[in-house]
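Listed here are the chains, written in short residue letters.
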Amino acid sequence: MKPFVGVRELRTDLQAKKYSAVELTQFYLDRIADLNDRINCFITVDTERCLERAAVADRQLASSHPQPLCGIPIAHKDLFCTAGVRTTCASNMLKSFIAPYDATVVKQISDAGAISLGKTNMDEFAMGSSNETSYFGGVSNPWNMKRVPGGSSGGAVASVASGMTPLATGSDTGGSIRQPASLCGVTGLKPTYGRVSRFGMIAFASSLDQGGPIAHSADDVYELLAAMEGHDPQDSTSARVKETVLPTRERRYVIGYPESLLEGLDERIAERIQQARRQFEALGHKIEVIELPYIDAAVAAYYVLSSAEASTNLARYDGVRYGHRTETSEDLLDMYCRSRTEGFGLEVKRRILTGTYSLSVGYFDAYYLKAQKIRRLVRDGFLAAFESVDLILAPVTPTTAFEIGSLRSDPVEMYKQDLYTIPVSLAGLPALSLPCGFIDGLPVGMQLIGPHFGEGDVLAGGMAFQRETDWHEQHPSLDEPSAP
Amino acid sequence: MTGSWEPVVGIEVHVQLATRSKIFSSTSVEFGAEPNTRANLIDLAMPGALPVLNEEVVSMAVKFGLAIDAEIAETCVFDRKNYFYPDLPKGYQISQFESPIVGRGQLPVFLEDGSVRDIGITRAHLEEDAGKSVHDRFAESTGIDLNRAGTPLLEIVTEPDMRSAAEAAACFKQLHSLVSWLGICDGNLAEGSMRCDANVSVRPVGDKTFGERTEIKNINSFRFVERALNYEIERQIDILEHGGEVVRETRQYDAGRDMTFSMRSKELSDDYRYFPDPDLLPLRLSTAFLDYVRSTMPELPQQKLERFVEDFTLVRPVAVRLTRDHDIAKFYETTVALGADPQITANWLLGEVAAALNREEKGYDDVPVSPQQLADLMKRIEDKTLSSSLAKEVFEGMWSSDKSVDEIIEDRGLRQLSDVDELRSLVESVINEHPEQVEQVRGGATKVIGYLVGQVMKTSQGKADPKKVNDLLRRLLNI
């Protein structure tokens, strides 16, 4: 057995009994045991239960109709509730919280036969772009241990990039799947808002949060999406749409190219994006230069809106019913204050404060309402663009993976990490982040953005690109600690 | 003193909707269950839990809106009202702030003197109830019971249209009657199914501007609304007449001491940071849905009143009283439908039945006599089998047993004596026994005939038909 094997090969091998699901699971568990100390991808490894489930999968595999992901390991970002296994959101507040139920996504994936290895590290409550805000410590980029993997799904992405799991779930609010996927050289999809159920996915910003798949390739992302998507009556924002279908014939797309977005971008990254553009042209797709208005206001609008929602989504962590409660308190107010002060980290507090501020009487119109208007304009800009193009090609990140600690003291610089991912989130669109090159040994990604519920074409575009390139088949060497 | 001051009152009534399950979860709504046994992961605000709107709640709110002829919002929005409290699990209450489901409407309120006043309804919006703090279960700490958390409430807000405590109480009563009539609330005030907040101010008679107001919170009976407001009105007048100023504040009514006291000052209004709940999309009501709800509407009190006047030739004040609440109207209609005379039935329902219910503190939903029994009784009155006094005795008998009217008449030998021969012998013996009075009558003192009728009734133990006795006496005495 070897790491970095795709879903189709694993499926064929399992069904051909080349190895059992138990053996496969044990292989990944061993790899986690070898590597996790260095990379810190996992907050919780569910050794016992995943082996039990693998044994069940083996019996299923012997039957005539194994489920589509039967026996294939997966890791869940630690904000998906899992019955019986703690769900921490990488926060002191929930460090020993065990949910009494499975998130819809967790249940669907389990029903599809996949084996959950455990829960992956992340920025606390998914707030961050470097995975440095985790109560359980930062995650290293498997390509360079001194660098961040990106965030907030840093653990999920690093676990795939280092071959500790073939599949992982993540969540993307302003770029939390796409940005780390880009920094770690893996493929990840932020689905259309409403495509994947949010029930049981601990909320950061409800109007933006969207769970999505992370894997080695667009092919595998599609396999996992098929298990995750679908209408959920328990989520009022879940869309009633048909499942994602790949186009039956290879299509020639008109791909929008927002050239002005590339101005000011690191030249080497811009060069990789242009190279990808040429590759698409070579494949017979047509490139059309487009303008996306109001993009420059998107980051500010995003931080107002996401923080406003977060400030009230996190009000339930009050020490009364579950989660961290302070040891000593004088009265009720003191209990609230101490529990929350002790339970939340700095970045979470920063967002709660800014969010509370922007919703307050006297500031609501200037911040929250104005940000909603910008959101609408950004969305309208994309919709107008999609009148003439099928897909949009754009950068994911302004830089490659930066050094751990280098942006920690400058939140605004950190927020700019999501400059290219945030507009897509505000518009609720699907976008695939996939590798398109390297700079100084660090991966560079690009994103393919589609119209609402256009995942089929987004994925088809990604698959076409990955048939012609092998960036996604490059893997970090992890045999020894990376050079200083 | 009060003569120179005019009170201005508006009320807010929280109506607990009689749905099977909660407003945003599938947990069943049940009063008096063991603490926290009616709370699922949504009611407990577990991480990751999401609300899903209960459709039954929406149709009940729309019913209310249609009943008061209000604007029903095509699109309405659920907002988060943010504050911390241990019985509020999410740290916010889902409510409706800027766009309520029910807009402006009108409520005709029947006052004690029989007149009707139209009270403006400003709006009615949907929200979830909070849980409860339990102070008497643990020695050192307070418990939290979340059974009530997520119970659907319709908050009805009136215009400041009322000018006395009695009008405010009548308005609360009218709302109680209407929501019970519509079947959207069980109307059980003792279990907190309806709670009333009252905003009150006073101003010199003739003034157009309102005075500074206070709000009295959580009053749960009609009587207390009136008492609390009377106390508060007097208190405000007293302050103003002594040159003071009314402070804007929230007050609580203490029924034991019959007074209101200050809860907290409202000078600095709380900032609830309302904003649209991103977990719930704006609610759009289709024409088909509204049509469906309209088709399930019962006949409204006003419509029923007009029909009673028309179909049963009742005088308006009687029809008003018969349509004041759904149970009496239903009882009346059922009885009449069983063949009873509408007029006699109306008199009986509002007379004997009302008195008996009053005596035993029962409502028209709990009458020990069935409409069938009452209808049979009415028929026996109509066909003169029973005099009205005998009918009362039969009624008492029915009240305490399930026997039919005829069984009771047989058992007690209460059948009215109307056989002419029998009556004649009774009358003749009374004539023979009272020669003096007979002389007086023959001499022109016709009033004395009543005395003789009384004697016949007495010897017949009340069973004789007094009208026939009268006729017979006149005939035999040739007057």
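Model, not experiment: these values are computed from the prediction.

A. How the structure looks around the domain arrangement of chain B. Assigned domains within chain B: domain 1 (2-290), domain 2 (299-412) and domain 3 (421-476). Computed from C-alpha coordinates alone, the two centres of domain 1 of chain B and domain 3 of chain B are separated by 65 Å.

B. Region of the structure containing the packing of helix α7 (residues 326-337) of chain B against helix α9 (residues 371-382) of chain B. All names here are of chain B. Between α7 and α9, whose axes approach to 8 Å, the crossing angle comes to 55°. Classified by the angle their axes make, α7 and α9 are oblique. Crossing hand, α7 versus α9: right-handed. Residues F331, T334 and T335 of α7 touch α9, and the partners they reach there are P371, L374 and A375.

C. Just the nonpolar core, in detail. Residues and elements named next belong to chain A. In this structure, F125 and F382 are the most contacted members of the largest nonpolar core, which totals 139 residues. Here this core gets 10 residues from one element, more than from any other, and that element is helix α9 (residues 295-313). Once residues lying within four places of it in the same chain are set aside, the contact partners of F125 are C89, S91, M93, L94, I202, F204, L314, Y317, F344 and V348.

D. Structural context of the environment of D327 of chain B. Examined against the element boundaries, D327 of chain B turns out to sit in helix α7. Residues D327 of chain B and Y364 of chain B, 37 residues apart in the sequence, show an inter-C-alpha distance of 5.3 Å.

E. Region of interest: the packing of helix α8 (residues 342-360) of chain B against α9 of chain B. Residue and element names in this part refer to chain B. Close contact between α8 and α9 brings their axes to 11 Å; oriented N to C, the two are set at 115°. Of the two possible hands of crossing, α8 and α9 adopt the one that is right-handed. Of the residues in α9, those touching α8 at I344, T345, W348, L349 and V353 are L374, L377, M378, I381 and E382. Per-class residue counts for the contact of α8 with α9 are eight nonpolar, one polar and one charged.

F. Main features of a nonpolar patch on the surface. Residue and element names in this part refer to chain A. A cluster of nonpolar side chains, Y357, Y363 and Y367, forms an exposed patch at the surface whose accessible area comes to about 290 Å². Inspection of the secondary structure puts Y357 in helix α11 (residues 346-359). Look at Y357 and you get partly exposed, because its relative accessible area is 39%.

G. Up close: the pattern of salt bridges. Under the definition given, this model contains 65 salt bridges over all chains. Measuring nitrogen to oxygen at the nearest pair gives 3.6 Å for the salt bridge that ties R8 of chain A to E223 of chain A. On the criterion of sequence distance, the pair formed by R8 of chain A in helix α1 (residues 7-15) and E223 of chain A in helix α7 (residues 218-228) is long-range, its members being 215 residues apart. For E223 of chain A, a relative accessible area of 14% translates into the label buried. Between D440 of chain A and R268 of chain A there is a salt bridge; the shortest N-O distance is 3.1 Å. On the criterion of sequence distance, the pair formed by D440 of chain A in the loop between β10 (431-439) and β11 (442-449) and R268 of chain A in helix α8 (residues 267-282) is long-range, its members being 172 residues apart. Owing to a relative accessible area of 39%, R268 of chain A belongs among the partly exposed residues under this scheme. Beyond isolated ion pairs, a larger network of salt bridges with shared partners links R198 and D235 of chain A together with R80, D277 and D279 of chain B.

H. Representation of the sheet that holds strand β14 (residues 275-276) of chain B. Strand order in the open sheet formed by three strands is β4-β3-β14 (chain B), with antiparallel pairing between adjacent strands. Pairing within the sheet leaves two strands with one partner each, and these edge strands are β4 (92-95) and β14 of chain B. Here strand β3 (residues 79-82) of chain B pairs with β4 of chain B via four bridges, running antiparallel. In the sheet register, K81 of chain B faces β4 of chain B, and the bridge partner there is Q93 of chain B. Sitting on the sheet, α9 of chain A touches β3, β4 and β14 of chain B, and the angle it makes with β3 of chain B is about 60°.

I. Geometry of the interface of chain A and chain B. At the junction of the two partners, chain A supplies 38 residues and chain B supplies 30 residues. Around 2700 Å² of area is buried between chain A and chain B when both sides are counted, 62% of it from carbon and sulfur atoms. The tally of links from chain A across to chain B stands at one salt bridge. Connecting chain A to chain B are 16 residue pairs in polar contact (both at pLDDT 80 or more). Those elements that place two or more of their residues in the side of chain A that touches chain B are α9, α10 (332-343) and α11 of chain A. By residue number, the principal contributor to the side of chain A that touches chain B is α9 of chain A, which donates four residues. In terms of residue class, the side of chain A that touches chain B is made up of 21 nonpolar, 10 polar and seven charged.

What counts and what doesn't
Residues numbered from 1 in each chain as written. Chains lettered and ligands numbered in written order. Predicted model: local features only at pLDDT ≥ 70, side-chain atom pairs only at ≥ 80, totals over all residues. Heavy atoms only, no water. Domains from an automatic or database assignment. Axes fitted to C-alpha atoms, helices over the stretch in contact; angles between N-to-C directions. Helix = DSSP H or I, 4+ residues; strand = E, 2+ residues; numbered from the N terminus. Parallel < 35°, antiparallel > 145°, perpendicular 65-115°, else oblique. Left-handed = near helix turned anticlockwise from the far one by under 90°. Contact = heavy atoms within 4.5 Å. Core = buried A, V, L, I, M, F, W, Y, C linked by side-chain atoms within 4.5 Å. Buried < 20%, exposed > 50% of the residue type's maximum accessible area, 1.4 Å probe, protein only. Nonpolar A, V, L, I, M, F, W, Y, C, P; charged D, E, K, R; others polar. Patch = residues over 30% accessible without salt bridge, like charges linked within 9 Å, V, L, I, M, F, W, Y side chains within 5 Å. Areas by Shrake-Rupley, 256 points an atom, 1.4 Å probe, with all protein chains shown as cover. Salt bridge = Lys/Arg side-chain N within 4 Å of Asp/Glu carboxyl O. Pairing = 2+ DSSP bridges. Buried area = accessible area lost by both parts, 1.4 Å probe. Polar contact = N/O pair within 3.5 Å; in protein donor to acceptor, adjacent residues only side chain to side chain.

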